[in-house]
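Structure assessment
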Amino acid sequence: MPTIDLTGQSAVVTGSGRGLGLAYAHALAARGASVVVNDIDEAVAEQAVESITEAGGTAVAEVVPVGTTEAADRLVNRAVEEFGRLDILVTNAGILRDKVLWKMTDDDFDAVVTTHLRGTFTCARAAAVRMREQGEGGTLVLVGSPAGQRGNFGQTNYAAAKAGIAAMARTWSLELARANITVNAIVPVAATAMTETIPAFAPYIEAMRNGAPLPAFLRKGEGFGTPEDCAALVPFLASGAARGITGQCIGVGGDKVALWSHPQEIRTAYADGGWTPDSLADAWPTSVGAEPQSVGIPAPKIPEA
């Protein structure tokens, strides 16, 4: 019998009309949580609600673009009005506006940061206020990305927002600990509209849609699978089994789950009286600079035919 039971709990999942967000909403509803589905497209949101209710779950739709305080308040208030409380928030809503630095416009930058970073902040703030008023704890699951952990070519705006989300998870885990509200960032990797444009993955995603399973080198080696593969982490983090887990960045995808390290000093050097530009130049290659850290998301390791 399942040990993760969220019956009586209420959740808001932003950007849950399709893809990963819809998988999170389904996973929560399957374990008994009542879910507010959020999307900017009313038809998509209503279809998502219908799919959840047909599977035996409980859900309602709230159609609003996240980012503003007003949108966050609407989402939290809808959960309270419909279900009497709010216990779980999943900040999944996101968009892409990929361009290299010298071609990225102010609007490209602002649109992505508003949806991902400001949307996470405003929704989490509204949820935290409500959860603290209830006095019974709660769960914030913030959705990050490998781009936010390592950077990614052409994704200044997206990588910066996702890195900020990881930092907010660590900060809020400290601030909300006394209220028994856990805060974690998840780092999902799955076949979605955002990843199907990666040339190395495209043929395997197409084959999957035609009924073929994803090969083991993707599911295990790359930790790459379906949105449903990522979804189990969300109800787990919302459950009593995860009350002691907070402030973490947790990767999930395919057959893989992983704990991401947090930034920390890895090598140090000292100079009596402090450093000069010349002494830094002399010492760098054989001290702190001897093993520079890699950047960017590693290219997939595709087996040779």
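Shown above is the structure to which this text applies.
Before going into details, it helps to say that this report is about the structure given with it. (Residues numbered from 1 in each chain as written. Predicted model: local features only at pLDDT ≥ 70, side-chain atom pairs only at ≥ 80, totals over all residues. Heavy atoms only, no water.)

We now examine the overall build of the protein chain. Check the secondary structure of the protein chain and you find eleven helices and eight strands. Since a compact globule built from 305 residues should have a radius of gyration of about 19 Å, the 21 Å found for the protein chain is in line with a globular shape. Along the longest, intermediate and shortest principal axes, the C-alpha atoms of the protein chain span 65 × 55 × 45 Å. Looking at the 305 residues of the protein chain, the share that counts as buried comes to 45%. In the protein chain, once contacts between residues fewer than 6 apart in sequence are set aside, the share between residues at least 24 apart is 68%. Total accessible area on the protein chain is roughly 15600 Å²; 54% of this is exposed by carbon and sulfur atoms. Of the charged side chains in the protein chain, 23 are positive and 33 negative; the average position of the first set lies 3 Å away from that of the second. (Helix = DSSP H or I, 4+ residues; strand = E, 2+ residues; numbered from the N terminus. Rg over C-alpha atoms; globule rule 2.2 N^0.38 Å. Buried < 20%, exposed > 50% of the residue type's maximum accessible area, 1.4 Å probe, protein only. Contact = heavy atoms within 4.5 Å. Areas by Shrake-Rupley, 256 points an atom, 1.4 Å probe, with all protein chains shown as cover. Lys, Arg positive; Asp, Glu negative; His and termini not counted. Charge placed at Lys NZ, Arg CZ, Asp CG, Glu CD.)

What follows concerns a negative patch on the surface. Taken together, Asp41, Glu42, Glu46, Glu50 and Glu54 make up a surface patch of like negative charges. Tracing the sequence through the fold places Asp41 in the loop between β2 (34-39) and α2 (42-54). Taking the relative accessible area as the measure of exposure, Asp41 reaches 34% and is therefore partly exposed. (Patch = residues over 30% accessible without salt bridge, like charges linked within 9 Å, V, L, I, M, F, W, Y side chains within 5 Å. Salt bridge = Lys/Arg side-chain N within 4 Å of Asp/Glu carboxyl O.)

Tracing the backbone shows Thr120 in helix α4 (residues 106-134). Beyond its immediate stretch of four places on either side in the chain, Thr120 contacts Thr91, Thr115, Leu142, Ile165, Met168 and Trp172.

Of all the six residues making up β2, six are buried; the element is thus mostly covered by neighbouring parts of the structure. Here β2 shows two buried faces, one formed by Ser34, Val36 and Asn38 and the other by Val35, Val37 and Asp39. With four bridges connecting them, strand β1 (residues 10-13) and β2 associate as parallel partners. If you follow Ser10 over to β2, its bridge partner there is Ser34. (Pairing = 2+ DSSP bridges.)

In this section: the packing of helix α1 (residues 19-30) against α2. Packing of α1 against α2 leaves a shortest axis separation of 10 Å and a crossing angle of 30 degrees. Comparing their axes, α2 and α1 come out roughly parallel. For the crossing formed where α1 meets α2, the hand is right-handed. Residues Leu22, Ala25, His26 and Ala29 of α1 form the contact with α2, whose participating residues are Ala48, Ser51 and Ile52. Within the contact of α1 with α2, the residues separate by chemical class into five nonpolar, two polar and no charged. (Axes fitted to C-alpha atoms, helices over the stretch in contact; angles between N-to-C directions. Parallel < 35°, antiparallel > 145°, perpendicular 65-115°, else oblique. Left-handed = near helix turned anticlockwise from the far one by under 90°. Nonpolar A, V, L, I, M, F, W, Y, C, P; charged D, E, K, R; others polar.)

This brings us to the environment of Val12. By secondary structure assignment, the location of Val12 is in strand β1. Accessibility expressed as a relative area gives 1% for Val12, which makes it buried. Along the primary structure Val12 and Val37 are separated by 25 residues, whereas in three dimensions their C-alpha atoms are 6.5 Å apart.

In this fold, Val234 is placed in helix α10 (residues 233-238). For Val234, a relative accessible area of 0% puts it in the buried group. Separated by 204 residues in the primary sequence, Val234 and Ala30 place their C-alpha atoms 12 Å from one another. Sequence-distant contacts of Val234, that is, excluding residues within four places in its chain, are made with Tyr24, Leu28, Val90, Val141 and Ile186.

Summed over the entire model, instances satisfying the criterion amount to eleven salt bridges. Between Arg74 and Glu62 there is a salt bridge; the shortest N-O distance is 2.8 Å. A residue pair is termed long-range when its members are at least 10 positions apart, and Arg74 in helix α3 (residues 69-83) and Glu62 in strand β3 (residues 58-63) qualify at twelve residues. Asp229 is paired through a salt bridge with Arg219; the nearest N and O atoms lie 2.8 Å apart. With Asp229 in helix α9 (residues 227-231) and Arg219 in helix α8 (residues 216-221), this pair connects stretches of sequence that are ten residues apart. Several salt bridges share partner residues, and in doing so they unite Glu62, Arg74, Arg78 and Glu82 into one network.

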